[in-house]
Amino acid sequence: EVTGVQTCALPILRTRLGLEAVWEQEATVAVSSDTRKKKASVPAWLPQQASLDTLFRYHLDFRAVPKKPLIRSLVEHTSSPEDSLLLSRLCSREGGEEYLATVRDKQLGLLCLLSLAPSCRPPASLLLEHLPRLQPRPYSLSCSSLTSPRSLSFVFTLVTSPRPGLATSHLTSLPPGSQLHFYQRTNSFFLPPDSLDQSYIMVGAGSGLGPFLGFLKERRARLEAGEVGRGECWLLFGCREAGLDYIYRELLAELLEAGVITKLLVTFSQEGGELRYVQDNMTRHGADIVELMAEGGGRLYVCGDARGMARDVQTTLEQLYVRERGGSKEEGERFVKELRLEKKYLEEIGRAHV
């Protein structure tokens, strides 16, 4: 995808590599005839014919944290003994802690690494071999075809730390009427129930509210069209502060008043108090949640960070089952595992891209 931060850095990279004269020229991407690797091949995601500008703009993530094999290869293209020693140390086993502190923990990209070794001038072929693919950034739609058949919407968090995000920075800088490159990714399971009689619980934090807005817009449209449903619709939403990032507050209140949402539980992590996270509200309403999931045939949807909230939500549900139904820790884990197998515990989770 075309992304603002990476696009702005292209002229700097071009000059740093000394490739101004050939940057826009069409080139052939192929494995060198003198390579020592018997099974070497051009990655499938790289075009066979393209300019260096196209390759670095659309296909290679030169902002990714350089791995040690790349750093090791850079040593051979460094003329200064001091620079060579630094790069050699960073990719060595003995320099593991220095690599973590200097490169990985600081999320140092290729350009920043090269600034530490000014005499290093790698050929483009080396970077094509070692740089990872520039991955598209996935976003869940926050709309419904029932209410907006000709437009798309989604919710995103602007990533600024430890460095600006590629897609979020680009999206934030776009004026109205701009064009975007995007791809369609189909999710066959993270969808609202077909029947309005089906109860479900949505759990999300921050921009994880996005797909649930689409669920709720569709539910409202169906109810307004005259469909009758007896299923409950819960939303457990978490953010930092009520006045800071309680997004779509008015819309959620409107949907609650209209009966589209049957229970709205919001927590604020930076305001103190007993209820700070979505799992705290789960614990407070544990009896009803377990009853809804175990006896009522309900579904539970989770959207958020895989390593944080989503993991805690699963653990909390396991513990609630044990608390409300008795039994062992293993039985709680088995309960959630069975929900997953029956597609009644569904997740849309991941890590933020920068």
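Each remark here, short or long, concerns the structure printed above.
Residues numbered from 1 in each chain as written. Predicted model: local features only at pLDDT ≥ 70, side-chain atom pairs only at ≥ 80, totals over all residues. Heavy atoms only, no water.

Caption draft 1: Focus on the pattern of salt bridges. Per the counting criterion, the structure on display carries 14 salt bridges. One salt bridge connects arginine 220 with glutamate 254, and the closest N-O pair in it is separated by 2.9 Å. Of this pair, arginine 220 sits in helix H9 (residues 210-224) while glutamate 254 is found in helix H11 (residues 249-257), placing the two residues 34 residues apart along the sequence. Relative accessible area serves as the criterion here: at 45%, glutamate 254 is assigned to the partly exposed category. Close ionic contact of lysine 329 with glutamate 333 constitutes a salt bridge, the shortest N to O distance being 2.5 Å. Of this pair, lysine 329 and glutamate 333 both sit in helix H15 (residues 329-341), four residues apart, roughly one helical turn. Lysine 329 gets classed as exposed once you look at its relative accessible area, which sits at 57%. (Salt bridge = Lys/Arg side-chain N within 4 Å of Asp/Glu carboxyl O. Helix = DSSP H or I, 4+ residues; strand = E, 2+ residues; numbered from the N terminus. Buried < 20%, exposed > 50% of the residue type's maximum accessible area, 1.4 Å probe, protein only.)

Caption draft 2: Local environment of the pairing of strand E4 (residues 233-239). Of all seven residues that make up E4, seven are buried, and the element is covered over most of its length. Side-chain alternation along E4 places Cys233, Leu235, Phe237 and Cys239 on one buried face and Trp234, Leu236 and Gly238 on a second face that is also buried. Looking at chain direction, strand E3 (residues 200-205) and E4 are connected through six bridges and run parallel. Along E4, the bridge assignment pairs isoleucine 201 with tryptophan 234. In this fold, the crossover linking E3 to E4 by way of H9 has right-handed handedness. Pairing of E4 with strand E5 (residues 263-268), which is carried by six bridges, proceeds in the parallel orientation. What sits directly across from tryptophan 234, in E5, is lysine 263. (Pairing = 2+ DSSP bridges. Right-handed = clockwise from strand over helix to strand, strands pointing away.)

Caption draft 3: Highlighting the side chain of arginine 16. Tracing the backbone shows arginine 16 in helix H1 (residues 4-17). No salt bridge is formed by the buried arginine 16. Its closest oppositely charged neighbour is aspartate 83, at 6.7 Å. Polar contacts involving the side chain of arginine 16 include one to the main-chain carbonyl oxygen of leucine 114, which spans 3.1 Å. Look past the residues within four positions of arginine 16 in its chain and what remains in contact with it is Leu111, Leu114, Ala117, Pro118, Ser119, Cys120 and Arg121. (Lys, Arg positive; Asp, Glu negative; His and termini not counted. Polar contact = N/O pair within 3.5 Å; in protein donor to acceptor, adjacent residues only side chain to side chain. Contact = heavy atoms within 4.5 Å.)

Caption draft 4: Structural view of the side chain of glutamate 348. Here glutamate 348 lies in strand E7 (residues 345-350). A relative accessible area of 16% places glutamate 348 in the buried class. A distance of 2.9 Å separates a polar atom in the side chain of glutamate 348 from a polar atom in the side chain of arginine 185. What glutamate 348 contacts, discounting residues up to four positions off in sequence, is Ser140, Arg185, Asn187, Phe190, Val302, Cys303 and Gly304.

Caption draft 5: Quick look at the packing of helix H3 (residues 68-75) against helix H4 (residues 81-90). Packing of H3 against H4 brings their axes to within 8 Å, and their N-to-C directions diverge by 155 degrees. In terms of orientation, H3 lies roughly antiparallel with respect to H4. Here H3 runs over H4; the crossing is left-handed. Residue-level contacts link Lys68, Ile71, Leu74 and Val75 of H3 to Ser84, Leu87, Ser88 and Leu90 of H4. Classifying every residue of the contact of H3 with H4 gives five nonpolar, two polar and one charged. (Axes fitted to C-alpha atoms, helices over the stretch in contact; angles between N-to-C directions. Parallel < 35°, antiparallel > 145°, perpendicular 65-115°, else oblique. Left-handed = near helix turned anticlockwise from the far one by under 90°. Nonpolar A, V, L, I, M, F, W, Y, C, P; charged D, E, K, R; others polar.)

Caption draft 6: The arrangement of unusual backbone geometry in detail. Not every positive phi belongs to a glycine, and glutamine 107 is a case in point at roughly 50 degrees. With respect to the helices and strands, glutamine 107 occurs in the loop between helix H5 (96-104) and helix H6 (110-116). Using a relative accessible area of 25% as the deciding quantity, one classes glutamine 107 as partly exposed. In this model, lysine 343 sits at a positive phi of 60 degrees, which is unusual for a non-glycine residue. Mapped onto the elements, lysine 343 comes out in the loop between H15 and E7. The exposure class of lysine 343 is partly exposed, given its relative accessible area of 35%.

Spatial relationships are all this shows, so hold off on functional conclusions.
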